[in-house]
Amino acid sequence: MTNVINVDYSTKIPNNVGLTEDRTVLRALESWHPGYIDWWKTMGPEGFQEALVYLRTAVSVDPKGWAKFDYVRMPEYRWGILLAPAEDGRKIPFGRHYGEPVWQEVPGEYRAMLRRLVVIQGDTEPASVEQQRHLGKTAPSLYDLRNVFQVNVEEGRHLWAMVYILQKYFGRDGREEAGELLQRRSGSADKPRMLGAFNEATPDWLSFFMFTFFTDRDGKMQLESLAQSGFDPVSRTCRFMLTEEAHHMFVGETGIGRTLQRTCEAMKEAGIEDPSEIDKTRALGVIDLPTMQKKLNLHYTLSLDLFGSEVSTNAANAFNAGLKGRFQETKIEDDHKLESSIYPVLKLVDGEIKRVDEPALTAINMRLRDDYTADCQRGLDRWNKIIERIGVNFKFELPHVAFHREIGEFRDVQATPAGVLIDDATWNRDKGKWLPSTADGDFIASLMKPVREPGKFASWIAPPRVGIDNKPGDFEYVKLAA
Ligand SMILES: [Fe+2]
Ligand SMILES: [Fe+2]
């Protein structure tokens, strides 16, 4: 049996889940659809609804299925319901039901917990589209403009994916939750999105790249652990979403890589040896490396907060129940039940940061966060190689996990990026050295001038090495409406 599953594009909602034979769910989705389009038109990319964008649409889940690229107006994008293929004989890979056949229906005792996990994941998807809706106006190139729109339509599809799960498996309250997902708004005072980082502004393109690198990567880790789920439809839908998420990671990593590359090249050309010569560097129309480090500090720590408390009984319950596993659960060599194992957690003990052994079961969030940090570090290593290759003496570093936290062990203390605990006065005096200031934001904003000529790029970012779909450098990725 091959892994290729073809998508039915003959229906209004493209899918590979046999919607035509599933009248109840089809009707529920069709009645949700107009509200979605309405949301997209009012909260999606501002000013580009008529533009023709060179987007990819999934036609099957194997790599070749991504080969379908075409110009499309975003409101006409074929948002579909796509699940990765079922694995024959799949067993629940962890928790108290370890080794039992996976569930195709929601187990009654876990219904509320599962619904909550799906709603929280679902809520992040439209939130990021809302956060990014103004970016089109200042895109540094048509290539980048196309990339943000690709990310946006896929986040929209991820919302569809979660809404399908809600409507198919959770009946009436699932339909209500699906409606609520279109009501909340990123940054709203009375109906905000559910998680902190998804209510922050994404005011400029460096923020966008940092967001896709750090916050979409949290999304990747959450999807990875839900892809392990014993509830098979969630596992399959997350496995498919991960194939799209890979592109979001790519946009973030290469976006920052191209930005720092341009900075380093400009510094070299101008003979600036010391990266801390911020004014001289900025005068070249590029973003200085220390400011990029501050942006990194901000986005990394906001994203760490998304993992929740280091020690969490909710996370333990979801693991025990077989709903949400660990990163690459099936590759881990242990009992997959965590009845007696321990996991080291950094905690605040008598005013000091100490490593404490906790039951691995309650430290599930901590472990996922550590895996996340390692994944982030690999990206930093690649950026640092670019800097080194160009010959600039600077290294990006991830700040300590006690730095700038709102959630978990360190939420009530202040620490430096190196992890030294400090008092409030010191924090207030020095935080401008570690986190972007208003003036930093203003400087970045001053560089955000749109570039719309095919093949041209703004002063602060290098062109990509290869085009999307191997297109040549001057390809017109977005045809703006006349
Ligand atoms: Fe997503
Ligand atoms: Fe994403």
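The rules behind these values
- Residues numbered from 1 in each chain as written.
- Chains lettered and ligands numbered in written order.
- Predicted model: local features only at pLDDT ≥ 70, side-chain atom pairs only at ≥ 80, totals over all residues.
- Heavy atoms only, no water.
- Helix = DSSP H or I, 4+ residues; strand = E, 2+ residues; numbered from the N terminus.
- Rg over C-alpha atoms; globule rule 2.2 N^0.38 Å.
- Contact = heavy atoms within 4.5 Å.
- Areas by Shrake-Rupley, 256 points an atom, 1.4 Å probe, with all protein chains shown as cover.
- Lys, Arg positive; Asp, Glu negative; His and termini not counted.
- Charge placed at Lys NZ, Arg CZ, Asp CG, Glu CD.
- Donors = N, O, S within 2.8 Å, 3.2 Å for Na, K, Ca; no water.
- Buried < 20%, exposed > 50% of the residue type's maximum accessible area, 1.4 Å probe, protein only.
- Disulfide = S-S within 2.5 Å.
- Pairing = 2+ DSSP bridges.
- Axes fitted to C-alpha atoms, helices over the stretch in contact; angles between N-to-C directions.
- Parallel < 35°, antiparallel > 145°, perpendicular 65-115°, else oblique.
- Nonpolar A, V, L, I, M, F, W, Y, C, P; charged D, E, K, R; others polar.
- Tetrahedral: all angles 85-135°; square planar, octahedral: opposite > 155°, others 65-115°.
- Left-handed = near helix turned anticlockwise from the far one by under 90°.
- Core = buried A, V, L, I, M, F, W, Y, C linked by side-chain atoms within 4.5 Å.

Chemist: Describe the overall build of the protein chain, naming the residues involved and giving the relevant values.
Modeler: Looking only at helices and strands, the protein chain features twelve helices and seven strands. Against the 2.2 N^0.38 benchmark of 23 Å for 482 residues, the protein chain shows a C-alpha radius of gyration of 23 Å, consistent with a compact globule. Once the C-alpha set of the protein chain is aligned to its principal axes, its extents read approximately 65 × 65 × 45 Å. For the protein chain, the proportion of contacts with a sequence separation of at least 24, taken over those separated by at least 6, is 72%. Per element, the accessible surface of the protein chain, about 20200 Å² overall, is 49% carbon and sulfur. In the protein chain, which carries 62 positive and 71 negative side-chain charges, the distance between the mean positions of the two groups comes to 3 Å.

Chemist: Kindly report on the coordination of the iron ion (ligand 1), identifying the contributing residues and their values.
Modeler: The protein atoms that coordinate the iron ion (ligand 1) are Glu125 (OE), Glu155 (OE) and His158 (ND1), at distances of 2.0 to 2.2 Å. Positions of the donor residues of the iron ion (ligand 1), expressed as sequence spacing, correspond to E-x29-E-x2-H. The metal-metal distance between the iron ion (ligand 1) and the iron ion (ligand 2) is 3.5 Å, with Glu155 coordinating both. Note that Glu125 is positioned in helix H2 (residues 111-131) and His158 in helix H3 (residues 142-169), a separation of 33 residues in sequence. Taken as a pair, Glu125 and His158 share a single burial class, namely buried.

Chemist: Break down the state of the cysteines for me, with residues and values.
Modeler: Tallying each qualifying case throughout the model produces zero disulfides. With no disulfide of its own, Cys238 has Cys376 as its nearest cysteine by sulfur position, at a separation of 19 Å.

Chemist: How would you summarise the sheet that holds strand S7 (residues 478-479) if you had to cite specific residues and measurements?
Modeler: The three strands are arranged S2-S1-S7 in an open sheet whose pairing can be described as antiparallel. Here the strands that pair on one side only, and so sit at the sheet edges, are strand S2 (69-73) and S7. Of the strand pairs in this sheet, strand S1 (residues 52-56) and S2 are connected by five bridges, and their pairing is antiparallel. For Leu52, the partnering residue across the bridge sits in S2 and is Arg73. Along the sheet face, H3 touches S1, S2 and S7 and points at about 60° away from the line of S1.

Chemist: Tell me about the packing of H3 against helix H4 (residues 171-181), residues and numbers included.
Modeler: Contact pair H3 / H4: the axes reach a minimum separation of 6 Å and the direction vectors enclose 155°. Accordingly, the angle class assigned to the pair H3 and H4 is roughly antiparallel. From H3, Leu159, Val163, Leu166, Gln167 and Tyr169 reach across to H4, where they touch Gly171, Gly174, Arg175, Glu177, Ala178 and Leu181. Looking at the contact of H3 with H4 residue by residue, the class counts come to six nonpolar, three polar and two charged.

Chemist: Explain the coordination of the iron ion (ligand 2) residue by residue, including any values.
Modeler: Donor atoms from the polypeptide that coordinate the iron ion (ligand 2) comprise Glu155 (OE), Asp216 (OD), Glu245 (OE) and His248 (ND1), at 1.9 to 2.2 Å from the metal. For the iron ion (ligand 2), the four donor atoms are set out with angles of 89 to 176° between them, so the coordination reads as irregular. Summarised as a motif, the one-chain spacing of the donors to the iron ion (ligand 2) is E-x60-D-x28-E-x2-H. For Glu245, a relative accessible area of 4% puts it in the buried group. With relative accessibility at 0%, the residue His248 sits in the buried group.

Chemist: Describe the packing of H2 against helix H5 (residues 205-226), with residues and values.
Modeler: Relative to each other, H2 and H5 sit at 160°, their axes nearing to 12 Å. Considering the angle they form, H2 stands roughly antiparallel to H5. When you trace H2 past H5, the crossing you get is left-handed. Along the contact surface, H2 presents Leu117, Gln121, Ser128 and Gln131, while H5 presents Phe211, Gln222, Leu223 and Leu226. Grouping the amino acids of the contact of H2 with H5 by side-chain chemistry returns four nonpolar, four polar and no charged.

Chemist: Break down the nonpolar core for me, citing the residues and quoting the values.
Modeler: Core analysis: the largest hydrophobic core is formed by 118 residues, its most contacted members being Tyr36, Phe214 and Phe396. Once residues lying within four places of it in the same chain are set aside, the contact partners of Tyr36 are Trp79, Gly156, Arg157, Leu159, Trp160 and Leu182. Membership of the second largest hydrophobic core comes to twelve residues, among which are Ala316, Phe319, Leu338 and Met366.

Chemist: Any chance you could break down the side chain of Ser225 for me, citing the residues and the numbers?
Modeler: With respect to the secondary-structure elements, Ser225 resides in helix H5. What Ser225 contacts, discounting residues up to four positions off in sequence, is Lys324, Gly325, Arg326 and Leu368.

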